[in-house]
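Spelled out from the first residue to the last, the chains are:
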Amino acid sequence: MLLALPLAVAVWAFGGFAAKRERSNADQELVRNLNSSGSVYDGLFRDARRNANTLARSRRVARAFTRNDTRTLRAIETAHPWIVLVPGKLGGLHGREPLAGFEVVGRRGTIGRVFVVPRFDQDLVGLISDRAGLPSDRLGFLLGSRLVRENGVGRVGAPPEFLRPTDLRMGAVEYRAVAQSLVPPRDAPALITLRKRSEIAAAANDVRWRVIGIGLGLIGAILVTAYAVAPAIARGRLSRQQRDQAERVLASLGDGVFVVDRDGVVRLWNQAAETITGLRAADVRGRRAEDAIPGWTTISTFVPVADRPGEGDGGSSSETVPVDVAGRELWLSIVAVALDDDTVYAFRDATYARRLENLRSDFVTTISHELRTPLASLHGAAMTLREHELPAQTQDDLLEMIAEQSNRLANLVEEILVVGQLDSGSLHVVADTFEPEELVRGVVTVARSRVGEETTIEVGTNSVLPQVHGDAERTRQVLLNLLDNAIKYSPSGGRIEVELAAVEDRLRFSVHDQGLGIPVGEQERIFDKFYRLDPDQRRGIGGTGLGLYICRELVRSMHGRIWVESEPGQGTTFAFELPAEPVPAAA
Ligand code: ADP
């Protein structure tokens with residue numbers, strides 16, 4: 001509507017302009033008509049002149065003059081409208097000015113004259129109009145205020161200016177006219193083309209209304225079209241806005257969202273879905289879910305599709321399913337809702353929660369297993385002691401076994417306690433200094449008491465060792481653990497060496513064994529909580545997977561570092577360094 005008003009004004013103005021142009025076209029047409037009539041008049045004049053020349057030399061005319069044969073002379077004049085034949089040497093035209101004149105010469109000089117004198121009458125106007133192709137009332141001769149036209153003679157108000165379209169009044173009728181004087185002769189009239197003003201105005205008006213009609217029609221059509229399509233445009237814009245907003249919301253969501261249509265093709269894959277799975281939307285969208293989404297078979301089999309959000313058996317319909325993306329196992333907690341013909345899936349990464357869950361159940365399994373063995377031994381020994389009369393040696397052996405197994409249980413409980421303290425950040429580490437060699441020899445003595453003859457434990461040291469900054473008790477715990485592992489994972493015995501070396505401002509403790517060794521790919525992970533190379537204890541070597549985790553955390557808490565070097569079948573070296581006093585240079 002806002003557009004229609006200025007458009008209508010424009011159409012109106014354009015209509016006025018078209019009418020004005022039509023009027024100026026009419027003026028131009030008058031000038032054109034005048035020009036073509038002028039040319040016709042010139043042509044007639046040339047013909048008449050040529051005729052006059054020919055007649056002046058014709059013998060018939062000469063004879064008629066000589067004999068003063070008036071009849072023949074009049075007959076010739078009638079046959080040639082512009083020709084006037086005047087006998088005698090000095091014959092004149094009695095005031096009429098000829099366009100041209102030729103002498104007719106006899107034996108005794110001039111015997112007469114042939115003049116070219118046009119007759120500016122209605123016939124001539126008709127002839128010129130005809131030849132110029134003009135309608136009969138558009139041309140005339142203007143003699144003063146007398147206007148001679150083919151269909152009559154009239155009087156004009158004021159004579160027009162020459163060669164310029166002007167208004168002209170004749171009686172009650174107004175004309176538009178252009179005039180041009182015809183020279184010579186001096187008294188010749190002006191040639192004038194004219195047209196009724198009312199006709200021109202009618203034509204201009206006609207054009208104006210045609211233009212306005214077409215323009216308004218067009219505006220109407222535009223309005224009708226706009227009216228018809230406006231709701232669709234508005235709806236389109238609204239739905240585009242809604243779609244943009246939904247896309248922004250989906251993109252900023254922390255949950256992965258994807259949509260699979262009725263044909264099993266993925267239609268949407270949001271930003272979080274990209275981030276969680278590492279699969280780019282461009283690689284997934286538009287492809288079949290089974291080709292694009294790893295683990296799709298599991299998802300479609302196990303994840304129930306609810307009819308409405310929040311619906312599902314038992315309140316929650318989410319399923320946690322494993323998905324293998326580029327060799328990485330992801331656990332996704334997924335819910336699915338049917339939406340028209342599509343299914344909307346929302347998921348979050350449950351891998352971490354799953355790992356925690358696994359750790360918890362591993363812990364329970366391992367600890368139960370580790371507790372059961374010593375408890376069974378203790379129970380067996382106690383029952384045997386109570387129910388049987390036993391030789392003194394056997395009693396001693398059983399008591400020793402009870403002491404050893406209860407010690408193992410105590411160690412286990414200690415390990416669990418330390419892990420608890422490490423996790424809660426409440427483990428206490430003393431900042432002190434200690435003599436490393438003394439500490440190592442003490443630990444080795446204890447370890448030696450536990451090994452059979454097939455195993456030897458040696459200590460190797462630099463001659464001078466600095467004092468170490470750290471907690472002696474925690475360091476002993478670490479060393480004992482490493483020595484325990486060296487013994488445990490060398491089932492056929494061998495040589496175990498504990499080496500001490502000062503390295504710049506640190507002291508390095510290394511425990512070498514010739515046991516099973518550790519594959520390179522596992523060397524990082526053995527320091528993880530509960531991680532064991534042989535979780536099912538196929539080699540019959542028990543453990544909780546907590547020892548190395550505790551070692552690493554204790555060493556770190558004393559500002560040191562721990563690492564492993566090993567080759568399967570060749571043996572293993574665990575080493576850790578703690579801050580130490582600088583070695584005295586001259587010692
Ligand atoms: P565990 O209670 O199982 O001994 P640890 O944390 O002490 O737990 O050790 C983790 C895993 O590292 C062990 O299960 C074992 O597979 C491996 N490991 C540790 N020390 C050695 C070693 N000296 N030689 C070979 N394997 C070892």
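Right, let's walk through the structure included here. Along each chain, residues carry numbers from 1 onward, in the same order as the chain's sequence is written. Local features in a predicted model are, by the rule used here, given only for residues with pLDDT of at least 70; side-chain atom pairs are given and counted only at 80 or more, and totals for whole chains, interfaces and linings are based on all residues. To obtain the side-chain values, all non-hydrogen atoms of the structure were included, while hydrogens and water were left out.

Let's talk about the overall build of the protein
Put simply, the rule is: Comment: elements are numbered from the N terminus, with helices defined as DSSP H or I runs of at least four residues and strands as E runs of at least two. Radius of gyration here uses only the C-alpha atoms, and the compact-globule reference equals 2.2 Å multiplied by the residue count raised to the power 0.38. Buried means the residue's accessible area, taken with a 1.4 Å probe over protein chains only, is under 20% of the maximum for its type, while exposed means over 50%, and partly exposed covers the values in between. Here, two residues are considered to be in contact whenever any of their heavy atoms come within 4.5 Å of each other. What sets the accessible areas is the Shrake-Rupley method with a 1.4 Å probe; for residues, cover comes only from the shown protein chains.
Along its length, the protein carries 14 helices and 22 strands. For 587 residues, the compact-globule formula gives about 25 Å, and the C-alpha radius of gyration of the protein, at 64 Å, lies well above that figure. In terms of overall dimensions, the protein has a C-alpha envelope of 200 × 70 × 40 Å along the principal axes. For the protein, the proportion of its 587 residues judged to be buried stands at 39%. Partitioning the contacts of the protein with sequence separation of at least 6, the portion at a separation of at least 24 is 59%. Accessible area of the protein: about 33900 Å², with a carbon and sulfur share of 52%.

Regarding the pairing of strand E13 (residues 319-325)
Definition in use: The pairing criterion is simple: DSSP has to find at least two bridges between the two strands.
Where E13 lies against strand E14 (residues 328-339), seven bridges are found, and the strand directions are antiparallel. Its bridge partner lying in E14, Thr320 is registered against Ser333. Remark: two residues form the turn of the hairpin made by E13 and E14, two consecutive strands paired antiparallel; Ala326 in that turn has positive phi of roughly 45°.

Regarding the nonpolar core
Our working definition: Here, nonpolar core refers to any group of buried Ala, Val, Leu, Ile, Met, Phe, Trp, Tyr and Cys residues whose side-chain atoms link them within 4.5 Å.
Formed by 44 residues in total, the largest nonpolar core has its most connected members in Leu479, Leu483, Phe509 and Phe576. At six residues, the largest contribution of residues to this core is made by helix H14 (residues 547-557). Excluding anything up to four places from it in sequence, Phe576 contacts Thr475, Val478, Leu479, Leu482, Leu507, Arg508, Phe509, Val555, Arg561, Ile562 and Trp563. Membership of the second largest hydrophobic core comes to 37 residues, among which are Leu73, Leu99, Val114 and Val178.

Thoughts on the site of the ligand
Applicable threshold: In this text, near means that some heavy atom of the residue lies within 4 Å of the molecule or strand in question. Any pair of nitrogen or oxygen atoms within 3.5 Å is treated as a polar contact; in protein, a donor-acceptor pairing is required on top of that, and neighbouring residues in sequence qualify only through side-chain atoms on both sides. Residue classes follow a fixed rule: Ala, Val, Leu, Ile, Met, Phe, Trp, Tyr, Cys and Pro count as nonpolar, while Asp, Glu, Lys and Arg count as charged, and any other residue, Gly among them, counts as polar.
Taken together, 19 residues form the shell around the ligand, and within it Asn485, Tyr489, Arg532, Thr544 and Leu548 come nearest. One of the backbone nitrogen or oxygen atoms of Leu533 is found 3.3 Å away from an oxygen atom of the ligand. In isolation the ligand has 530 Å² of accessible area, and contact with the protein removes 97% of it. Counting only elements with at least two residues in the shell around the ligand, the list comes to helix H13 (472-488), H14 and strand E22 (571-579). Considering each element in turn, the shell around the ligand owes the most residues, three residues, to H13. The class makeup of the residues in the shell around the ligand is nine nonpolar, seven polar and three charged.

Some points on the sheet that holds strand E6 (residues 152-155)
Strand pairing in a sheet takes place through backbone hydrogen bonds and is either antiparallel or parallel in direction. What counts is decided by this rule: Axis definition: a line fitted to C-alpha atoms, over the contacting stretch in the case of helices. Angles run 0 to 180 degrees between N-to-C directions.
Taken together, the six strands give an open sheet; going across it, the order is E6-E5-E4-E9-E8-E7, and neighbouring strands pair in antiparallel fashion. At either margin of the open sheet sits one strand with a lone partner, and together these are E6 and strand E7 (166-170). In this sheet, neighbouring strand axes are inclined to one another by 40° on average, regardless of whether the strands run parallel or antiparallel. The sheet contact formed by E7 and strand E8 (residues 173-181) spans five bridges and is antiparallel. Following the sheet pairing, Met170 is matched in E8 by Val173. Running over the sheet, helix H1 (residues 4-56) touches strand E4 (139-143), E8 and strand E9 (190-196) and is turned about 145° from E9. Docked against the sheet, helix H5 (residues 197-252) engages E7, E8 and E9, running at close to 50° with respect to E9.

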